[in-house]
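# Observations on the three-dimensional arrangement
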Amino acid sequence: MLLIDKYAYLNKLAFVHPLEKMIFSLGLLLVTLIMKDERLSLITFFVMSAFIIIGAKIPLKYYIKLLLLPAFFLLTSLVSILLAITPSTTVLPAHVWSFTWMAWTIFIGKASVLTAQHLFFIVLGSISCLYFLILTTSVQGICFVLRQWRLPSLLVELVELTYHFIFIFLESMQKIHLAQQARLGYHSPMQWLRSISMLIAALFVEMFQRSRELNNAMQSRGGESVYWQETSSYSKKNWLGMAVIFLVLIVYGGYFS
C-alpha cells in the first residue's frame, strides 16, 4: 500500500463524510482560482495545511515532501515566465535584470516578476486543496460521491480500475526489478538498458494478463462492479464551519480586490 493511500484511510478525518471533504476542498479550490488574489491564496494554503497537519494528523515531514513533488514543474513554469530573450538592438521594457551576449539579450521584466509571483501563490493554494482531498479521503469515498453526483458510471469505474492497477503495477515492477538485481542485471550501462527494456516488456504482458483476469471476474458477476457504501453520516457542525470559511474568504477577497 502506498503511504499516501494509507493516510487516506487512517487519518483523523477519515470518519468525516467524503461529500463534506470534497465540497470543502473543491470549493476552496474554486474560490482560489476565481478570486486570483495572492493573499487569499496564501490564506487558503495555511488553512488547508492546518487541516492536513493538525486536523488529519498527517506528519509535517511527509506533507513537505509532497509539496516538493510539483516543485519541479512549478519551477520550470516560473523560469519560462521570468526569462525573456530579445535582440540586443531592441529597447528593453522595465526590467530588474539583463544580460547581453553577442547579439542577444536575456532579461527579467518587472511585469514577468509580477506574473510569476501571482502564479506561484495561486498554484500553492490550489495544491494544498487537492492534497487535503487525497490525504483525507479514500478513492472509494471519492467514487461514492461521484456516483451520488450522477456522473457516468463508466467514468467512475475507469477511475476505480486505474487506481486498482496502480498497486498491481508497482508490485509487479518491484518483484521483477528485485529479480533482475539478484542476477546483476544493472551492473553496466548496456546491461541496464537491456534490463529496463525487459522490465517494460514483462510489465506490459503482466498488466494485459491481469486486465483479462479482472474482466473475467467482472463478467462472472454480470458485468457489474461491487460498489462501496459510505457508512458515515453528515454533520451540521461541519457544514456550518465550511459555510463560515467560504463566506469569510469570499468577503475578504472581494474587499481587498
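See above for the structure.
The residue numbers shown here count from 1 along each chain, following its written sequence. Local features in a predicted model are, by the rule used here, given only for residues with pLDDT of at least 70; side-chain atom pairs are given and counted only at 80 or more, and totals for whole chains, interfaces and linings are based on all residues. Note that water and hydrogens are dropped before the side-chain values are worked out from all heavy atoms of the structure.

Here an axis means a line fitted to C-alpha atoms, over the contact stretch when the element is a helix, while the angle between two N-to-C directions is reported on a 0 to 180 degree scale. Only runs of H or I of at least four residues qualify as helices and only runs of E of at least two qualify as strands under DSSP, and these elements are numbered from the N terminus. The N-to-C vectors of helix α2 (residues 18-35) and helix α3 (residues 38-55) enclose an angle of 165°; their axes lie 9 Å apart at closest approach. Viewed along their axes, α2 and α3 adopt a mutual orientation that is roughly antiparallel. Note that α2 runs across α3; the crossing there is left-handed. Listed contacts from α3 to F24, S25, L28, V31, T32 and M35 of α2 are L40, S41, T44, M48 and F51. When residues are sorted by character, Ala, Val, Leu, Ile, Met, Phe, Trp, Tyr, Cys and Pro go into the nonpolar class, Asp, Glu, Lys and Arg into the charged class, and all the rest, Gly among them, into the polar class. Per-class residue counts for the contact of α2 with α3 are seven nonpolar, four polar and no charged. Angles are sorted into four bins: roughly parallel if under 35 degrees, roughly antiparallel if over 145, roughly perpendicular if 65 to 115, and oblique for all others. Left-handed is the label given to a crossing in which the near helix is rotated counterclockwise from the far helix by less than a right angle, and right-handed is the label when the rotation is clockwise. Two residues form a contact once any of their heavy atoms are found within 4.5 Å.

The next point concerns α2. Expected helix span is given by 1.5 Å per residue-to-residue step, counting one fewer step than there are residues. Along its 18 residues, α2 runs 25 Å from first to last C-alpha, staying within 8% of the 26 Å computed at 1.5 Å per residue. Exposure classes here rest on a 1.4 Å probe applied to the protein chains alone. A residue is buried below 20% of its type maximum, exposed above 50%, and partly exposed in between. Inspection of α2 places P18, L19, E20, K21, M22, F24, S25, G27, L28, L29, V31 and T32 among the buried residues, and these make up the whole buried set. Where α2 terminates, the next one or two residues include K36, which has phi positive at roughly 55°.

Bringing the sheet that holds strand β2 (residues 95-101) into the picture now. Across a sheet, strands are paired by hydrogen bonds formed along the backbone, either parallel or antiparallel in direction. Reading across from one edge, β1-β3-β2 is the order of the three strands in this open sheet, with antiparallel pairing throughout. Looking at the sheet topology across the chains shown, the edges are occupied by β1 (83-87) and β2. With direction set aside, neighbouring strand axes in the sheet form an average angle of 25°. Against the sheet, helix α6 (residues 110-136) engages β2 and β3 (104-109), with an angle of about 50° to β3. Strands are treated as partners if at least two bridges between them are detected by DSSP.

This paragraph deals with unusual backbone geometry. For K57, which is not a glycine, the phi torsion comes out positive at approximately 60°. Judged by its relative accessible area of 51%, K57 falls in the exposed class. Phi angles above zero are rare outside glycine, and M102 is one such case at about 55°. Residue placement: M102 occurs in the loop between β2 and β3.

In summary, soluble globular proteins display a tendency toward joint burial of nonpolar side chains. The term nonpolar core refers to a set of buried residues drawn from Ala, Val, Leu, Ile, Met, Phe, Trp, Tyr and Cys, joined through side-chain atoms within 4.5 Å. Ranked by internal contacts, the top residues of the largest apolar core, which has 24 residues, are F24, L28, I52, I58, Y131 and L135. Secondary-structure elements contributing two or more residues to this core are α2, α3, α4 (60-68), α6 and α10 (236-256). Here the element with the most residues in this core is α6; it accounts for five residues. Residues in contact with L135, not counting those within four places in the same chain, are I4, Y7, A8, N11, I52, I58, Y62, Y63 and L66. Grouped together as the second largest cluster of nonpolar side chains are eleven residues, L19, V139, V145 and V156 included.

Any functional reading would require information that these geometric values do not contain.
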